[in-house]
Amino acid sequence: MLSCTVENKAKDLLKINSGWKTALDVTHNQELLQSILHYLQEQKEQNLLNNNGIIRMITGYFYEMACVIQECGRVMKPHAPLILVNDNVRYAGISISVDLILSKIAEDLGFYIENILVLPNAKGNSSQQMGLHGRDALRKCIYIWRKSK
């Protein structure tokens, strides 16, 4: 199960599959994600995060998704489409562009981005975020990636 709640514990992904080193390296070098994680760490140090598990959850989600994307690329035929639907999210007042981060990871793992379709009904951020930061509509997208080679 992908990390998607603050209760999820960190996984030793290399112990699960040493072949995922490429996916983990790509994610570690994803600048937008690392900037967001750095910001959230600063918020945590200032006691401004409403749950200290947020950083672990976000980190786990993106690193685990990179492994899923790498595995999809491993088993897919060249030029086959990989289609996902996902929402962007917001924590500690910062919107996280899940669509752009995952698409860049996919590109670095051998996919080309055919399209990112934004669905017309944007989702709102959580009630915890609205209380402090107001309502901010977040994109819900369909990603269409194709495996290169």
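No experiment lies behind these values; they were computed from the predicted model shown. (Residues numbered from 1 in each chain as written. Predicted model: local features only at pLDDT ≥ 70, side-chain atom pairs only at ≥ 80, totals over all residues. Heavy atoms only, no water.)

Digging into the state of the cysteines
Here the structure, examined in full by the defined rule, presents zero disulfides. Take cysteine 4: it sits in no disulfide, and the sulfur closest to it among the cysteines is that of cysteine 67, at 16 Å. According to the relative accessible area criterion, cysteine 4 is partly exposed, its value standing at 46%. Residue cysteine 72 stays outside any disulfide, its sulfur separated by 11 Å from that of cysteine 67, the closest cysteine. (Disulfide = S-S within 2.5 Å. Buried < 20%, exposed > 50% of the residue type's maximum accessible area, 1.4 Å probe, protein only.)

What about the confidence of the model for the protein chain?
Model confidence for the protein chain is summarised by a mean pLDDT of 90, while 91% of its residues fall at 70 or above. Confidence, read as mean pLDDT per element, is least for helix α6 (residues 127–133) in the protein chain (51) and greatest for helix α2 (residues 21–28) (98). (pLDDT = per-residue confidence, 0-100. Helix = DSSP H or I, 4+ residues; strand = E, 2+ residues; numbered from the N terminus.)

Looking at the packing of aromatic side chains
A full pass over the atoms with the stated rule returns three aromatic pairs. For the pair tyrosine 143 and tryptophan 145, a centre-to-centre distance of 5.4 Å together with 15° between the ring planes defines the contact as stacked. In terms of burial, tyrosine 143 and tryptophan 145 fall into one category: buried. Members of the aromatic cluster, each reached through a chain of ring pairs, are Phe111, Tyr143 and Trp145. (Phe/Tyr/Trp six-rings, centres within 6.5 Å; stacked < 30°, edge-to-face > 60°.)

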